Amino acid sequence: MTYKKEGKANFRQTEGLSVMWNHRFSSSFKCILLTALMFVPLTHASEQESAQKQIEQAVKGNLDHEINSRAGQQGWRNYKLDTRLNIPSSAAHLEHCPIKLTVNASDHNLLPVGNLKRAVSCEHPGMQWRINVTVKSSLTLDVVVAKTGINRGQALTPDSVHLVPRTLTRQQEFYTHVSDVLEKTTTRRIRSGHIITSKTLNAPAMVEVGNQVIISASKDRFSATTKGIALEKGNKGEQITVQNVSSGKTIQATVIGHNKVQTQF
C-alpha cells in the first residue's frame, strides 16, 4: 500500500510538471506569434511615414529655395514664408525613394505665395512614382505703403511712404525699398496704409515693347541666362510676356531690372 501510495504521488508530481512545462511553452509560442504579427505592420507604417516625410521635406525645400533666390535678387531684408501642405492619402502607399525627389511647379506663379501646386516624383530606375501636392503659403516681409493719404498726380516723398511688415496671401505687386518709389507720381489717389504698386505710379517702364532683354531662369541650384524680346512693357515686379530668341517660345517673366526679367525652368 505504501509503495502504491508513493508511486501514485510521484506520478501526480510528474504529471503536474508536464502540464506546467506545456503551459509555459504555449505562452512563449503565443508571444512569438504575436510579436511576429505585430512586426510587419509596424515596419510598413514606418516606411509609409518615411515616404510622406520625404515628400514634405522635398516640397518645403523647393519652396525655401524659390523664396531665398527671389529675396537675394530683390534685396529683401526680413522675410518669412509660411506653408501648409496637403499631401494626398495615396502617399501612404508609396515607398521611400532612394534618391532625391524631383519637384516641379504645376502653376505659373513666380512668387511662391497663395494656392500652389507641386508635382513630386521619384525617378529612380528601380522605383518610379509621381504625386501632386497642393500648398497654401503666405509671405511676411517689409513693403512700401502709404504713410498718409496721397492725391493723384502727387510725387512720393520720404514723408508720404514708409516700410511696414505685411503678410501677403496671394500674388500681388509690391516694393521693398522706399528709394524705388521716390519722386514718382501717382496715377490715382492712394489711401493711407495701402501697398504701393507699379500700377499706381507713373514712371518710365524698365522694359519697353520690342526691347531685347536678358532672361534669367533658375531651378534648385542651377541657373541660366538667355536673350529674349519683350512683347509687353513693364516695370519692376510686373509680369510680362517675353519671346525666347533661341527657342522662339513665349513665356511669362517678371521684370527685375532695366531690360532684365526672371522666370523658372
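From a predicted model like this one, the values you see are computed outputs, not experimental measurements.

Asker: Help me understand the overall build of the protein chain in this model?
Answerer: Looking only at helices and strands, the protein chain features 1 helix and 12 strands. A buried classification covers 34% of the 265 residues belonging to the protein chain. Relative to all contacts within the protein chain whose residues are 6 or more apart in sequence, the contacts with residues 24 or more apart total 57%. Carbon and sulfur atoms make up 54% of the accessible area of the protein chain, which amounts to about 16,500 Å² in all.

Asker: Sorry if this is basic, but what is going on with the nonpolar core here?
Answerer: A general feature of soluble globular proteins is that nonpolar side chains tend to end up buried together. With 32 residues, the main nonpolar core has Ile55 and Trp129 as its most contacted residues. Within the residue set of this core, elements represented by two or more residues are helix 1 (2-74), strand 3 (114-124), strand 4 (127-146) and strand 5 (161-168). Residues within four places of Ile55 in sequence aside, it is in contact with Ile87, Ala91, Leu94, Leu101, Val120, Trp129, Ile131 and Val133. Listed in part, the 10 residues of the second largest apolar core include Ile150, Val161, Ile196 and Leu201.

Asker: I keep staring at the pattern of salt bridges and nothing clicks. Help me out?
Answerer: One side chain can pair with another of opposite charge once the charged atoms of both are near each other. Summed over all chains, the structure comprises 4 salt bridges. For the salt bridge of Lys60 with Glu56, the shortest nitrogen-to-oxygen distance reads 3.2 Å. With Lys60 and Glu56 both in helix 1 and 4 residues apart, the pair spans about one turn of that helix. Between Glu66 and Arg118 there is a salt bridge, with its nearest N and O atoms 3.1 Å apart. Taken together, the residues span a long stretch of sequence, with Glu66 in helix 1 and Arg118 in strand 3 at a distance of 52 residues. We note that Glu66, like Arg118, is buried. What emerges from the salt-bridge pattern is a single network uniting Glu66, Asp107 and Arg118.

Asker: Would you mind going over the environment of His65 with me for this structure?
Answerer: Position of His65 relative to the elements: it lies in helix 1. Given a relative accessible area of 26%, His65 falls into the partly exposed group. Between the alpha carbons of His65 and Ser218 there is a distance of 9.9 Å; along the sequence they are 153 residues apart.

Asker: Teacher, can you tell me more about the packing of aromatic side chains here?
Answerer: Here the distance between the centres and the angle between the planes together describe a pair of aromatic rings. In this structure the tally under the stated criterion is 2 aromatic pairs. Plain terms: the ring middles of Trp76 and Tyr79 are 5.9 Å apart, the flat faces sit at 70° to each other, and that makes the pair edge-to-face. Here Tyr79 falls in the partly exposed class, since its relative accessible area comes to 30%. Taken together, a centroid distance of 5.9 Å and an interplanar angle of 50° make the contact between Trp76 and Phe174 tilted.

Asker: For this particular structure, what's the right way to read the pairing of strand 8 (residues 212-219)?
Answerer: Regular strands place side chains that alternate from one sheet face to the opposite one. Alignment of strand 8 against strand 9 (residues 222-230), held across 8 bridges, turns out to be antiparallel. Bridging from a neighbouring strand, Ile214 pairs with Lys227 of strand 9. Pairing of strand 8 with strand 12 (residues 260-264), which is carried by 5 bridges, proceeds in the parallel orientation. Pairing of Ile215 across the sheet is with Val261, part of strand 12.

Asker: I tried to follow the environment of Glu238 on my own but got confused; where do I start?
Answerer: Here Glu238 shows up in the loop between strand 9 and strand 10 (239-244). Distance from Glu238 to Lys199, taken between C-alpha atoms, is 8.9 Å for residues 39 residues apart in sequence. In contact with Glu238, other than residues within four places in its own chain, are Glu173, Ser198, Lys199, Lys233, Ala253, Thr254 and Val255. In this structure the side chain of Glu238 is engaged in a polar contact, spanning 3.1 Å, whose partner is the side chain of Ser198.

Calculation notes
Residues numbered from 1 in each chain as written. Predicted model: local features only at pLDDT ≥ 70, side-chain atom pairs only at ≥ 80, totals over all residues. Heavy atoms only, no water. Helix = DSSP H or I, 4+ residues; strand = E, 2+ residues; numbered from the N terminus. Buried < 20%, exposed > 50% of the residue type's maximum accessible area, 1.4 Å probe, protein only. Contact = heavy atoms within 4.5 Å. Areas by Shrake-Rupley, 256 points an atom, 1.4 Å probe, with all protein chains shown as cover. Core = buried A, V, L, I, M, F, W, Y, C linked by side-chain atoms within 4.5 Å. Salt bridge = Lys/Arg side-chain N within 4 Å of Asp/Glu carboxyl O. Phe/Tyr/Trp six-rings, centres within 6.5 Å; stacked < 30°, edge-to-face > 60°. Pairing = 2+ DSSP bridges. Polar contact = N/O pair within 3.5 Å; in protein donor to acceptor, adjacent residues only side chain to side chain.

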